[in-house]
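Commentary on secondary and tertiary structure
Below are the chains, spelled out letter by letter.
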Amino acid sequence: MALEHGQMAPVYAVQYALRLLEAVDRHDHGVSADQLAREVGLPSGTLAHLLAMLMRESYVRRLPGGGFVVGESLTRLGGSNRRQELADRLRSSLGELRDEVCAAVYFGRYDDGEITLVDYADGPEAPKVNEWVDFRATGHASAVGKCLLGQLDHDSRREHLSRHRIARLTSRTITDEKVLLTRLDTHPSTVPMLDLQEYAVGTVCAAVPVTAGAAAGCLALSMPATQAFRLRQAAELLNQRAAPLLLSLAI
């Protein structure tokens, strides 16, 4: 199944969004879109798209006169309860995304040399994948694992695979290390990483990078293989929603 995506990669969207927030924060009494465009150096179309995202997530608020000021989400994140605030926002965002894509969704990170599922959202109509083999040992097969490994350098990938040997989990699992590394090297960062029954028979998955700080991260979804016809559309929506989630983790 071929997946293509022409949207701005989440990491670049967030870099520009953070620059916009810095510009808005410099103007206590509000700043116009034209002034922001001059300060940040963005074309009007991109600026409008990012401002809409920031307002939707309550990081920016529009004044009655048309100017922009910082919103309540940014103000709250400056408090002492930032860690819990981020955890609550992550869980809420995953729940909303689960309902939007009608699939179980996950947030994973690569911490201290291991693949870690930080949180997930599932439900009766969106069952999560059966973790029949520990995700930490299946980076070569799962969408989450391949997406996280894809964000590491070549030596770090090989070091990880030396600790977690490639094993055949299904008839579709890639078991040749050279083939796996080549695919990770050549996979475009803007195209979702797929798992088409490579980890578990009967389940298909997709994952996109969500890198905040030094640790690699990813946003993923899974659905029964009988619904694979929905995977492309769901994966594209996942990619679109990655930027707001990344923004909430980056500030």
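Residues numbered from 1 in each chain as written. Predicted model: local features only at pLDDT ≥ 70, side-chain atom pairs only at ≥ 80, totals over all residues. Heavy atoms only, no water.

1. Side note on the overall build of the chain
In plain terms, the rule: In DSSP terms, a helix is any run of H or I states spanning at least four residues, a strand is any run of E spanning at least two, and both are numbered starting from the N terminus. A 1.4 Å probe rolled over the protein chains alone gives each residue an accessible area, and that area as a share of the maximum for its type sets the label: buried under 20%, exposed over 50%, partly exposed in between. Here, two residues are considered to be in contact whenever any of their heavy atoms come within 4.5 Å of each other. Accessible surface is estimated by sampling points in the Shrake-Rupley manner with a 1.4 Å probe; for residues, cover comes only from the protein chains shown.
Helix and strand content of the chain: 9 helices and 7 strands. Among the 251 residues that make up the chain, the fraction classed as buried is 47%. In the chain, of all internal contacts separated by at least 6 residues, the share reaching a separation of at least 24 is 61%. Just so you have it, the chain exposes about 12,500 Å², and 49% of that area is on carbon and sulfur atoms.

2. Focus: the pairing of strand β6 (residues 203-209)
The following threshold applies: When DSSP finds two or more bridges between two strands, those strands count as paired.
With 6 of its 7 residues buried, β6 lies for the most part within the structure. Examined bridge by bridge, strand β5 (residues 193-196) and β6 share 4 bridges and lie antiparallel to one another. Looking at β6, one finds that methionine 193 is bridged to alanine 207. Between β5 and the antiparallel strand that follows it, β6, lie 6 residues; glutamine 197 among them carries a positive phi value of about 65°. Strand direction decides the pairing type here: β6 and strand β7 (residues 216-224), joined by 7 bridges, are antiparallel. Paired with alanine 207 across the strands is alanine 220, a residue of β7.

3. Re empty space enclosed by the protein
Basically, it comes down to this: Computed over the protein atoms alone on a 1 Å grid, cavities are sets of points where a 1.4 Å probe fits but cannot get out and pockets are open sets with protein on both sides within 12 Å along at least five of seven lines; a residue lines them when it has an atom within 4 Å of a point. Grid points are joined across faces, edges and corners, and a volume is the space filled by probe spheres set on the points. All residues other than Ala, Val, Leu, Ile, Met, Phe, Trp, Tyr, Cys, Pro, Asp, Glu, Lys and Arg, Gly among them, are scored as polar; the first ten of these are nonpolar and the last four charged.
Going through the model one piece at a time under the given rule, you end up with 1 cavity of 30 Å³ or more. Of the voids in this model, the largest cavity is the one considered here, and its volume is about 100 Å³. Lining of the largest cavity is provided by 13 residues; of these, Val129, Phe135, Ser142, Val144 and Cys205 occupy positions nearest its centre. Secondary-structure elements contributing two or more residues to the lining of the largest cavity are α6 (143-149) and β7. For the lining of the largest cavity, the element with the highest residue contribution is β7, accounting for 3 residues. Class assignment for the residues of the lining of the largest cavity results in 10 nonpolar, 2 polar and 1 charged.

4. A word on the confidence of the model for the chain
For the record, the criterion: What pLDDT expresses is the predictor's confidence in each residue, scored from 0 to 100.
Per-chain confidence: the chain averages 86 in pLDDT, with 88% of residues scoring 70 or above. Between residues 1-6, whose pLDDT stays under 50, and residues either more than four places distant or in other chains, the model counts 17 contacts.

5. Describing helix α7 (residues 154-163)
Note the threshold: The arc in question is traced by the directions running from the helix axis to the C-beta atoms. Identification of polar contacts relies on pairs of N or O atoms within 3.5 Å, with a donor-acceptor requirement for protein atoms, meaning one able to donate a hydrogen and the other able to accept it, and with residues adjacent in sequence counted only if both atoms are side-chain atoms.
All buried positions along α7 are accounted for by Arg157, His160 and Leu161. An end-on view of α7 places all buried positions within 95° of arc, on one side of the element. Those residues of α7 that are buried lie in contact with β3 (104-111), β4 (114-121), α6 and α8 (177-186). If you check the start of α7, you find a side-chain oxygen 3.3 Å away from the backbone N of aspartate 155, and it comes from aspartate 153.

6. Structural notes on the layout of surface pockets
Each pocket or cavity is described by its volume, and for the largest pocket that value is around 320 Å³. Lining of the largest pocket is provided by 14 residues; of these, Glu57, Ser93, Glu96, Arg241 and Pro244 occupy positions nearest its centre. At the level of elements, α5 (82-101) and α9 (231-250) are the ones that each hand at least two residues to the lining of the largest pocket.

7. What about the environment of glutamate 198?
With respect to the secondary-structure elements, glutamate 198 resides in the loop between β5 and β6. The spatial distance from the C-alpha of glutamate 198 to the C-alpha of threonine 138 is 9.8 Å, given a sequence separation of 60 residues. Once you skip the residues sitting within four places of it in the chain, glutamate 198 turns out to touch His140, Ala141, Lys146, Leu169, Thr170, Arg172, Thr173 and Ile174.

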